[in-house]
Amino acid sequence: MTVKLPVQQIRPRRLTSVVWSVLLFAALALSGCYQPVTDNFLKIGIPEEPNSLNLFLGTDANSQKILSLIYQPLFLRDPRTLDIIPWLAAKDPVFDWEKLTCTVTLKDARWSDGSDFTSEDVRFTQQLFLDFKIPKYYSKWKIISHCETPDPKTVVFHLKEASAIFEPRVLTSPIVSRKEWESRAAFAKTCEKPLVSLQAQDIAHPLGTGPFVLSEYRKGGYIHMKRNAYFFGQGKTICGMELGPFVDNILFRIYGTSDVAILALQKGDIDYYWWDIQPGYIDSLKKDPLVKLYFNRKSALYYLGFNLRKPPFNDKPLRQALSLVIDREFIFKRILQSYGEAMNTIVPSGNLYWTNPHVVPYGSGMTPDQRLAGAVALLKAAGYTWETGPIDETGRARTPSAIIMPDGREMERVVILTPPADYDPKRAFAGTMIQEWFRNLGVPAYARPMAFGALLDTVKTSHDFQAFVLGYGKLDLDPDYLRAFFYSKNDKPMGWNMSGYNNPVFDRLADEQQVTTDLKMRREQIWQMQEILSEDLPYIPLYNPDIIEAVYTGRVDGWVEKVDGIGHIWSLCCLKPKGRKQ
């Protein structure tokens, strides 16, 4: 909003040029059209309070936004090619698969207090993960039998077996300071619950090797971070980008609702809202000359899952027929409002190296009538019948009677569990539409919203469900998650195999790809796994929305786009103040 000064009520002859300057400055500053950068603050909005700034407890998205700027890994992904590149490491890892070793040489880096970063910090981190069985890290790092540190800049990892995921899943984990955590760990080990004690420790000023350090955190208010004077990347060119940081401070402000955050962005109170913008805001933001929108693919999966442990969805032809009647064009245009993609396979298409381009969904290129006819043909061949079928004698669709299963019984009511609309309107809407598409085949389907926590408990723990719509909003770029989601041994309470899928051929490939160190050969195995899943359909991939983000352009420039958007360490190392904007 532009503030107009009531000049008609002021006697001009009494105002000096200085007073006029002060009034003009105040008016423009209030309007958001004039923003000084002398304080060199980058202002970022986040939607919720971080759960914890203790690295071993703060695994939620908002905590990770802060922690990722402090604690750094040995290797990181190039934002453009997605290749793994040295970060705290000085060069690529050297593997000796005969000896089962991985040697990593470290950069000359320092912790934020000026002390040296050494191989002892890496070895200490590894032991900490294993001693406390720290969630998120223990399952990956337990492949290491021990570490050697022949000198301060060399780490030799000794592995228990060959591993294709050691580099993308282990060497990309954050490293902590032995100096900071050794006494904390020693104390935690004396407690009745060591891990809980370690996670409960308050870290007011954590030591890190990242571009920023924590200066002040006022819960419910803001988080102030300052540029780390000892950041190893300062002034370096990595992946073709000159790194700063070029801003001295970041101020994170917490907004309870997107409405308030978007208004703050348009006023210039913040430079960036670090959250996915819903399509409903797009038209308004496009009209604002000081706001820029970014659209990027996500590494995400939203899907319909089935319970394969019991009827009716333990029958593959039924799952295939149901996949045929799902209208992916409707999903793209109506549910995503054309911002995203209907998914063909479990691996998102933005993950170019690993997604199988040859996998196409059931019904690709067919009209709705053709897809319905194909689904009916599949079901008839599998022994399903109707008193009144979904298609009449002329080939036209009609309302069918209840479908009769191959054993002669009428199919009982089928419930599709979804999150509530106020939690995720896309998934709730998808469940409602799937209900209608299934009814076109005579399947008595009913979408039922359920509180998200209760839904997870039902699907992941008790397994007392028939079908559900869920999603993974941020998949790892390494596709080993295929093994986690569908490996038969993970079919257990709290296990990742929520559908109860069991295929010995898939299991064999899942095991093989974990130890295949030849990248091209491993990709062939991953592609085969996707083809098997496309045939068996424990999950039907539905959609992957774009991540839509908005920035205020008046103060800084240099956002780096990649899969999953512009909110990441590369952007915050590359942003440069633009000076004063009028």
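What you see is a predicted model, and the numbers here were worked out from it, not measured in a lab.

Summing up its helical and strand segments, the protein has 18 helices and 25 strands in all. A globule of 582 residues ought to have a C-alpha radius of gyration of about 25 Å, and the protein, at 27 Å, matches this closely. Reported as C-alpha extents along the three principal axes, the dimensions of the protein are approximately 90 × 75 × 45 Å. A burial count over the protein gives 53% of its 582 residues as buried. Of the contacts made within the protein by residues no fewer than 6 positions apart, 68% connect residues no fewer than 24 positions apart. Working note: accessible area of the protein is about 26,100 Å², and carbon and sulfur atoms make up 52% of it. Of the charged side chains in the protein, 69 are positive and 65 negative; the average position of the first set lies 6 Å away from that of the second.

Spatially, β18-β22-β17-β21-β19-β20 is the arrangement adopted by the 6 strands of the open sheet, whose pairing is mixed. Of all the strands in the sheet, just β18 (340–342) and β20 (445–449) have a single pairing partner and so form its edges. On average, adjacent strands in this sheet sit at an angle of 25 degrees to one another, irrespective of strand direction. The pairing of β18 with strand β22 (residues 539–545) spans 3 bridges and is classified as antiparallel. Looking at β22, one finds that glutamate 341 is bridged to asparagine 544. Its contacts with the sheet put helix α13 (residues 425–439) on β17 (301–306), β19 (414–418), β20, β21 (467–472) and β22, and the angle it makes with β20 is roughly 165 degrees.

By the definition in use, this model includes 2 cavities of 30 Å³ or more. What lines the largest cavity is a set of 15 residues, and nearest its centre among them are Asn344, Thr345, Ser534, Leu537 and Pro541. Of all the elements in the fold, those that place two or more residues in the lining of the largest cavity are α17 (519–536) and β22. A per-element tally of the lining of the largest cavity places α17 first, with 3 residues. Its residues assigned to classes, the lining of the largest cavity shows 9 nonpolar, 5 polar and 1 charged. By volume, the second largest cavity amounts to about 40 Å³. Among the residues forming the lining of the second largest cavity, the class breakdown is 6 nonpolar, 1 polar and 3 charged.

Judged by nonpolar contacts, the single largest core of 77 residues is most densely connected at Leu74, Trp87, Phe157, Met225, Phe252, Trp570 and Leu572. If near-sequence neighbours (up to four positions away) are discounted, phenylalanine 157 is found in contact with Leu74, Leu100, Thr101, Cys102, Val104, Val122, Trp141, Ile144, His146, Cys147, Phe166 and Leu171. Judged by nonpolar contacts, the second largest core, of 72 residues, contains Leu301, Ala375, Leu482 and Phe506.

Glancing now at the packing of helix α11 (residues 328–335) against α13. Between two packed helices, both the angle of their axes relative to each other and the distance between the axes serve to describe the pair. Axis separation between α11 and α13 bottoms out at 11 Å; the angle between their running directions is 145 degrees. Here the hand of the crossing between α11 and α13 comes out right-handed. For the pair α11 and α13, the contacting residues are Phe330, Ile331, Arg334 and Ile335 in the first and Lys426, Phe429, Ala430, Met433 and Trp437 in the second. Class assignment for the residues of the contact of α11 with α13 results in 7 nonpolar, no polar and 2 charged.

Enumeration over the complete set of coordinates arrives at 27 salt bridges. In this structure, aspartate 271 engages arginine 555 in a salt bridge whose closest nitrogen and oxygen atoms are separated by 2.7 Å. With aspartate 271 in the loop between α8 (258–267) and β15 (272–273) and arginine 555 in the loop between β23 (547–552) and β24 (556–557), this residue pair connects regions lying 284 residues apart in the sequence. Its relative accessible area of 3% is what places arginine 555 among the buried residues. Residue lysine 316 is joined to aspartate 536 by a salt bridge in which the shortest nitrogen-to-oxygen separation is 3.3 Å. Here lysine 316 is found in helix α10 (residues 316–325), whereas its partner aspartate 536 is found in helix α17, with 220 residues between them in sequence. The exposure class assigned to lysine 316 is partly exposed, which follows from its relative accessible area of 30%. What you see here is one network of salt bridges that share partners, running through Glu120, Arg123, Arg178 and Glu182.

Let us look at α13. The end-to-end C-alpha distance of α13 is 21 Å, a good match for the 21 Å that 15 residues give at a rise of 1.5 Å each. Every buried residue of α13 is accounted for by Lys426, Arg427, Ala428, Ala430, Gly431, Met433, Ile434, Gln435, Trp437 and Phe438.

Turning our eyes to something else, we now look at the layout of surface pockets. Taken as a whole, the second largest pocket spans an internal volume of roughly 600 Å³. Along the wall of the second largest pocket there are 27 residues; nearest its centre are Arg77, Asp83, Ile84, Trp354 and Leu519. Taken together, the elements giving at least two residues each to the lining of the second largest pocket come down to α5 (166–170) and α17. Considered class by class, the residues forming the lining of the second largest pocket number 13 nonpolar, 6 polar and 8 charged.

With that settled, the discussion passes to the side chain of lysine 426. Mapped onto the secondary structure, lysine 426 falls in helix α13. We note that lysine 426 is buried and unpaired, the nearest opposite charge coming from aspartate 424 at a distance of 5.7 Å. Separated by 3.2 Å, the side chains of lysine 426 and glutamine 278 make a polar contact. In this structure, lysine 426 is in contact with Gln278, Pro279, Ile335, Leu336, Tyr543 and Pro545, ignoring residues within four places of it in sequence.

Okay, the confidence of the model for the protein next. Of the residues in the protein, 93% reach a pLDDT of 70 or more, and the chain-wide mean stands at 91. Segment residues 1–38 is flagged for pLDDT under 50; beyond a separation of four residues in sequence, or across chains, it makes 40 contacts in the model.

Within the open sheet, the 4 strands sit side by side as β5-β6-β8-β7. Their pairing is antiparallel. Looking at the sheet topology across the chains shown, the edges are occupied by β5 (94–96) and β7 (144–151). Here the strands of the sheet are splayed against their neighbours by 20 degrees on average, with no regard to which way each runs.

A few words now on the packing of aromatic side chains. Summed over the entire model, instances satisfying the criterion amount to 37 aromatic pairs. Here phenylalanine 306 and phenylalanine 313 contribute two aromatic rings whose centre-to-centre distance is 4.7 Å and whose plane-to-plane angle is 45 degrees, an arrangement assigned as tilted. You'll find phenylalanine 306 and phenylalanine 313 in the same group, each marked buried. Ring pairing ties together the aromatic residues Tyr303, Phe465, Phe468, Tyr472, Tyr481, Phe485, Phe486, Trp496, Tyr501, Phe506 and Tyr539, which thus form one cluster. Over the ring of tryptophan 354 we find arginine 522; its NZ or CZ atom is 5.0 Å from the centre of that ring.

Criteria and cut-off values
Residues numbered from 1 in each chain as written. Predicted model: local features only at pLDDT ≥ 70, side-chain atom pairs only at ≥ 80, totals over all residues. Heavy atoms only, no water. Helix = DSSP H or I, 4+ residues; strand = E, 2+ residues; numbered from the N terminus. Rg over C-alpha atoms; globule rule 2.2 N^0.38 Å. Buried < 20%, exposed > 50% of the residue type's maximum accessible area, 1.4 Å probe, protein only. Contact = heavy atoms within 4.5 Å. Areas by Shrake-Rupley, 256 points an atom, 1.4 Å probe, with all protein chains shown as cover. Lys, Arg positive; Asp, Glu negative; His and termini not counted. Charge placed at Lys NZ, Arg CZ, Asp CG, Glu CD. Pairing = 2+ DSSP bridges. Axes fitted to C-alpha atoms, helices over the stretch in contact; angles between N-to-C directions. 1 Å grid on protein atoms, 1.4 Å probe; cavity = no way out; pocket = protein on both sides within 12 Å on 5 of 7 lines; lining within 4 Å. Points joined across faces, edges and corners; volume = space filled by probe spheres on them. Nonpolar A, V, L, I, M, F, W, Y, C, P; charged D, E, K, R; others polar. Core = buried A, V, L, I, M, F, W, Y, C linked by side-chain atoms within 4.5 Å. Left-handed = near helix turned anticlockwise from the far one by under 90°. Salt bridge = Lys/Arg side-chain N within 4 Å of Asp/Glu carboxyl O. Expected span 1.5 Å × (residues − 1). Polar contact = N/O pair within 3.5 Å; in protein donor to acceptor, adjacent residues only side chain to side chain. pLDDT = per-residue confidence, 0-100. Phe/Tyr/Trp six-rings, centres within 6.5 Å; stacked < 30°, edge-to-face > 60°. Lys NZ or Arg CZ within 6 Å of the ring centre and 35° of its normal.

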